[in-house]
Amino acid sequence: QVQLVESGGGLVQAGASLRLSCAASERTLSNYGMAWFRQAPGKEREFVAAVDWSGGDAIYADSVKGRFTISRDNAKITVFLQMNSLKPEDTAVYYCTASTRYAGPRRWIREYDIWGQGSQVTVSS
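Fair warning: this is a prediction, and the values are worked out from it, not measured in the lab.

A. Fine view of the state of the cysteines. Evaluated as defined, the whole model comprises one disulfide. Through a disulfide, cysteine 22 is tied to cysteine 96; the S-S separation comes to 2.1 Å. Every disulfide takes its handedness from the sign of the S-S torsion; for cysteine 22 and cysteine 96 that torsion is -80°, giving left-handed. With cysteine 22 in strand E3 (residues 18–24) and cysteine 96 in strand E9 (residues 92–99), the pair connects residues that are 74 residues apart, well separated along the chain.

B. Geometry of the side chain of serine 99. By secondary structure assignment, the location of serine 99 is in strand E9. Overall, serine 99 belongs to the buried group, its relative accessible area being 0%. A polar contact of 2.8 Å, which involves the side chain of serine 99, links it to the backbone oxygen of glutamate 111.

The rules behind each value
- Residues numbered from 1 in each chain as written.
- Predicted model: local features only at pLDDT ≥ 70, side-chain atom pairs only at ≥ 80, totals over all residues.
- Heavy atoms only, no water.
- Disulfide = S-S within 2.5 Å.
- Helix = DSSP H or I, 4+ residues; strand = E, 2+ residues; numbered from the N terminus.
- Buried < 20%, exposed > 50% of the residue type's maximum accessible area, 1.4 Å probe, protein only.
- Polar contact = N/O pair within 3.5 Å; in protein donor to acceptor, adjacent residues only side chain to side chain.

Function cannot be read off these values alone, since they describe shape.
In structure tokens, the structure reads:
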């Protein structure tokens, strides 16, 4: 089964940018729809962004639309989340995930079945 490893999180000031990466262990990742979810302390894990198998179709949560960009490089079996204009409310653990059942971008958390360990993003005010 594919394993996912996130990196690139950190502590930044409001208005700054971060770029998260998600590296896969197997080439089969290139056939899956993938997404980023995030979970703040005491909150439910929520959808952030998703991209289809080719990287040509992406969807976003309203809260990050216009600020975040999801992309993928299938040659390197890596998915990225570029986060600009970060706000304190973006503070959360960010998780990379893949769906073995869907090639397109999806919003529902139960449609994903492979998860990374998460990467902490903290935005100070």
